[in-house]
Amino acid sequence: MTDDRFPKNLGALSRRDMIRLGLTAGAASLATACGWQGGPLMPAIQGASRLNDWVGEKIFLSSRHLAPQYPHSARTPEGAFPAYSITHPLPQLTDPAGWALEVGGLVRQPTRLTLEMIQAMPRVRYTVKHHCVEGWSAIATWTGASLASVVRLAQPTAAAKYLRFDSFDKGYSNGWDLESAMHPQTILAYAFNDHPLGPAHGAPLRLYSPVKLGYKLTKYLTKITFTAERPGGYWEDQGYPWLGGV
Amino acid sequence: MTEPSEETQAAAEAPQEIIAEPAAPAAPPVVEAVPAAVAEPEPAPIPAPPPTEPARRPLVKRHHGLVRLTHWANAVLLVGMIGSGLQIYMAFTHFGPRGGPYYPNPWDGKPFPLSVRLGGWLAGGLNWHFALAWPFVLSGLLYLGYLVFTGEWRSLLFRPRDVPRAWQMQLYYLRLRKEHPPQGKHNALQKLAYTSILLLGILSVLTGFAIYKPTELAWLTALFGGYQPARYWHFWAVWIFVAFTLVHVALVLLVDPASLRAMITGWYRGRFPSHD
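What counts as what
- Residues numbered from 1 in each chain as written.
- Chains lettered and ligands numbered in written order.
- Predicted model: local features only at pLDDT ≥ 70, side-chain atom pairs only at ≥ 80, totals over all residues.
- Helix = DSSP H or I, 4+ residues; strand = E, 2+ residues; numbered from the N terminus.
- Buried ≥ 20, exposed ≤ 12 C-beta atoms within 10 Å, placed from the backbone.
- Contact = placed C-beta atoms within 7 Å.
- Pairing = 2+ DSSP bridges.
- Axes fitted to C-alpha atoms, helices over the stretch in contact; angles between N-to-C directions.
- Core = buried A, V, L, I, M, F, W, Y, C linked by C-beta atoms within 7 Å.
- pLDDT = per-residue confidence, 0-100.

**Considering the overall build of chain A**
Point 1. Helix and strand counts for chain A stand at five helices and ten strands.
Point 2. Counting all 246 residues of chain A, 36% fall into the buried class.
Point 3. Sequence-distant contacts in chain A: of pairs separated by 6 or more residues, those separated by 24 or more amount to 73%.

**A closer look at the overall build of chain B**
Point 1. Within chain B one finds ten helices and two strands.
Point 2. Burial statistics for chain B: of 276 residues in total, 32% are counted as buried.

**Considering the sheet that holds strand E10 (residues 221-227) of chain A**
Within a sheet, neighbouring strands are paired by backbone hydrogen bonds and run either parallel or antiparallel to one another.
Residues and elements named next belong to chain A.
Point 1. Across the sheet, five strands lie side by side as E2-E1-E10-E5-E6; this open sheet has mixed pairing. Each edge of the open sheet carries a strand with a single partner, namely strand E2 (111-113) and strand E6 (173-177). Put simply, the sheet's adjacent strands are angled 20 degrees from each other on average, direction ignored.
Point 2. Relative to E10, strand E1 (residues 101-105) is paired through four bridges, and the arrangement is parallel. Among the inter-strand pairings, Glu 102 is bridged to a residue of E10, identified as Lys 223.

**A few points about the environment of Ala 210 of chain B**
Residue and element names in this part refer to chain B.
Point 1. With respect to the helices, strands and loops of the structure, Ala 210 is situated in helix H7 (residues 188-212).
Point 2. Taking the number of C-beta atoms within 10 Å as the measure of exposure, Ala 210 has 25 and is therefore buried.
Point 3. Sequence separation between Ala 210 and Phe 224 is 14 residues, and the spatial gap between their C-alpha atoms is 7.9 Å.
Point 4. Non-local contacts of Ala 210, meaning those with residues more than four positions away in its chain, are made with Leu 217, Leu 220, Thr 221, Phe 224 and Ala 230.

**A short note on the nonpolar core**
Point 1. Among the nonpolar cores identified, the biggest contains 33 residues, and Leu 101, Ile 118, Val 150, Ile 187, Leu 188 and Ala 189 of chain A are the most heavily contacted of them.
Point 2. At the level of elements, E1, strand E3 (123-131), strand E4 (137-146), helix H4 (147-154), strand E5 (162-167), strand E7 (187-192), strand E9 (206-208) and E10 of chain A are the ones that each hand at least two residues to this core.
Point 3. Among the nonpolar cores identified, the runner-up in size contains 21 residues, and Met 81, Tyr 89, Ala 123 and Ala 131 of chain B belong to it.

**A short note on the confidence of the model for chain A**
Point 1. Taken as a whole, chain A shows an average pLDDT of 89; of its residues, 86% reach a score of 70 or greater.
Point 2. Across residues 1-13 of chain A the pLDDT falls below 50, and counting only partners more than four positions away or on other chains, this stretch makes 13 contacts in the model.

Right, dumping it as structure tokens:
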């Protein structure tokens, strides 16, 4: 046995292979370089996002999976709970008394709900973790009416598969699947940490659910529309995952 | 350089597989048996090569096509997963709940340069990350399935009995032991490294799902200590992958460059034929 620990001749093929590997690695790092978005691969990446929406809706989502609840002591200090809006300064109603939520589209009972009517509905209150698409999380208590009871009130037709939520925040809107809307923890919230919702968190009424990322939780609600086609949304139309389920 | 015919290769392979059995306790130095195996042609009209030419190393089949495919797929996918992951990290460069305090992190509050990011912005990074995650999982499952199906896991899995062998191997590397310890396909330290990196891959996938669906998979997220801890472990896995890859590539190039060819073509002709 000859122990040539440092072979001098690696062989021509081996050297060629190394060049080949270098080219492959180079291409891979070029692809990563410069914050490349995807170029010609963009349609494939968007297609994969659709597939992930399907997986999220059909496999992960379940009305029986309830988000864990936390004690009040686990709440995030209110000043540390971020709030986003498109309009700056914060969107606010000029005539809060005249506000009402319109519920329409593919429904048998189009309806108009005032804040008092929504507050008179059975109350859901929970302290849950909020997940932002950016990666931060915060805990707060939310109070509102179950969206499922509003859906039952409006009686969507068989053709209705989606909901579109509109706001008075400069065209901010979201599209939802019906099952997430019917989740027992999906609510139309009017209170944050046991006090009325302020303008930072979507007053007078916002959508809330621990089964969706924050950007799906439309604030400053004006209208709910039942549709047969999947509605777009402010961030979704720009490329964010449509389902946004957590 | 021409490759040997199929028969010669098969002949060269078969006896070595027996040698590779770690069960043979007082096996003679593994390498010495190899030229004999090569020099014994099966139909045997060709005379054995003259003894003046013993330095020619045997060409042996080392890696199955599936192993090579999943290895390189994994390499490319990992680059994409890390690039898009760092892009996602940019949106919130801390670990820990809002209101702090944040977990210790040398990159806390720091951006990563554009050159290592994939996706361009948060949505792009997310879409890339979630698109590549499936082939990444698939390639991992294919490889694990191969290990289980062929029984090759035996030559790869680090088990308690490998602890003293790993120690001996370490002594050899520290030049405190002269003889290279006998081994099968991999030495005990390689087993430790490859077993660990497989576990790291599994950990990355599981923490990834824990971050992806912290409500639907609340039990999994709880297993890692919650959403923010899961993000934290997921992030640290990146640096262990990077460190492993640097050492892995350095060892291939410095210690056994022929193994690079083996991972590309499947055939190995190098100084560690005892691996096979």
